[in-house]
Structures are given as structure tokens and as C-alpha cells.
Amino acid sequence: MNKTVTSEEEILAAARALLLEKGTGALTMRSVAAACGVAVGSIYNYFPSKGALVGTTIESVWTEIFRPFTAAPAYSSFADCAAALLAALADGNARYPGFFSVHALSFAAGEKESGRALMARCFALLREKMLAALDADTQVRDGVFEGALSKEAFVDYVLQLAIMQQRRGSGEDAALLALIGSCIY
């Protein structure tokens, strides 16, 4: 094992490849070290525990999945924004089959809270982008967000439904987009 890992990104690339090929169960310090061609201790230089490695790997997958969505310029409407989110999710599900269903199971019992915090960070950017699109959409009916339904709650519902569709593999994007249109336009 003469190869020296020079960056955390190299380790994460190997970990993502293992995740893609073998699932989250394959993410161990030993398997990642073997994939990188280094000693296990080298992985510990970057990640203090398996939980840290798994968490950072999962976060990097979420970031990769949502990069096209979050890097896009402002959306012309909330419907366009939702369609872009659904496309990013579908592409991510195609590249990482089963990821949406099993990633939460990857955290050991004592690491569930760090897993929740990781998800909160990942989804905060999505919510921000979606809220900006909703705020800028001049086609939204007047009075939709008065009373019990806030923009923030609506964005959360849309995000949850989109991810749930990917978990179930339903691919009912047209139905969700129709529901959005019926609700706000």
C-alpha cells in the first residue's frame, strides 16, 4: 500500500464509488482504505470514525445530487423550480439506486442525531432556493399563503413529497406538478 491519499475528496470519491457499487453497508474504514490503496490509519487521519466517514459520504452524495438544482440561476417560476428539483432527484436516484431509501439506515443508533443534522444542512439550501423561486413567482394567486398555509410549510410539503416519490420509485412527477399548479396558480 504505497499510494498516499492526498485529499479528503479522493477518499470521498472512493467512498461514493463503493456506495454506488455495493450500497451503504460497504462503507467501512477498511473497504474505503482498500479502495484508496492506503492503510486504514490513513483514513482515520481524515475521518475520526466510521460514522464521520459515512456521514460525510452521504452528505457528498446529497450535494452531488442537488448540485444542478442549487447551482442553477433563479427559476422563472415555482413550477419550473419544482420540475428542476424533481429532475435532480430522478437523476440522483438513477445514479445511486436505493440511496433515498437506505441512507438514513446507515447511521448507527448513537449517530442518528448527527444524521438528522446532516440532512437539515443539505435541505436548508434546497428550501432557500425554493422559497426564493416562490417569492419571485408573479403568477401565484393572491391570498394563497394567508392563514394556516405559509410559504415555508408549502415548500416543506413539496420537498417531502418529491423525496417520498423517489423513495417509493413512483415517478409521479406530473401528478406532483399538477398538485402544485392547482394549489398556487
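Remember, predicted model here, so these are calculated numbers, not experimental data. The residue count restarts for each chain, going from 1 along the sequence in the order it is written. Local features are withheld for residues below a pLDDT of 70 in this predicted model, meaning they are given only at 70 or higher, and side-chain atom pairs are given and counted only at 80 or more; totals for whole chains, interfaces and linings count all residues. The side-chain values count all of the structure's non-hydrogen atoms but skip hydrogen atoms and water molecules.

**Student:** Help me understand the packing of aromatic side chains, please; the structure alone is not making it clear to me.
**Tutor:** What characterises a pair of aromatic rings is the spacing of the ring centres plus the angle enclosed by the ring planes. Here a pair means two rings of Phe, Tyr or Trp (six-membered ring of Trp) with centres within 6.5 Å. Their orientation is stacked below 30 degrees between planes, edge-to-face above 60, and tilted elsewhere. Overall, the coordinates contain six aromatic pairs when judged by the stated rule. Centre to centre, the rings of Phe66 and Phe123 are 6.3 Å apart; their planes meet at 70°, and the pair counts as edge-to-face. Remark: Phe123 occurs in helix 7 (residues 112-136) and Phe66 occurs in helix 4 (residues 50-71); sequence separation between them is 57 residues. Here Phe66 falls in the buried class, since its relative accessible area comes to 3%. Comment: elements are numbered from the N terminus, with helices defined as DSSP H or I runs of at least four residues and strands as E runs of at least two. To sort residues, take the accessible area from a 1.4 Å probe on protein chains only and compare it with the maximum for the residue type: under 20% means buried, over 50% means exposed, and anything in between is partly exposed.

**Student:** Explanation requested: the nonpolar core in the structure shown.
**Tutor:** Nonpolar side chains in soluble globular proteins tend to be buried together. Only buried Ala, Val, Leu, Ile, Met, Phe, Trp, Tyr and Cys residues count toward a nonpolar core, and they belong to the same one when joined by side-chain atoms within 4.5 Å. With 55 residues, the main nonpolar core has Ile43, Trp62 and Phe78 as its most contacted residues. Elements with a contribution of two residues or more to this core: helix 1 (8-22), helix 2 (29-36), helix 4, helix 5 (78-95), helix 6 (99-102), helix 7, helix 8 (151-168) and helix 9 (173-184). The greatest single-element share of this core, amounting to nine residues, is contributed by helix 7.

**Student:** Got a minute to help me understand the pattern of salt bridges in this structure?
**Tutor:** Pairing between side chains of opposite charge can happen when the charged atoms of each approach one another. When a carboxyl oxygen of Asp or Glu is within 4 Å of a side-chain nitrogen of Lys or Arg, the pair counts as a salt bridge. Enumeration over the complete set of coordinates arrives at seven salt bridges. Among the salt bridges present, the one from Glu64 reaches Arg16, with a minimum N-O distance of 3.3 Å. You can see Glu64 sitting in helix 4 and its partner Arg16 sitting in helix 1, a full 48 residues away along the chain. One continuous salt-bridge network, built from bridges that share partners, spans Glu9, Arg16, Glu64, Asp91 and Arg95.

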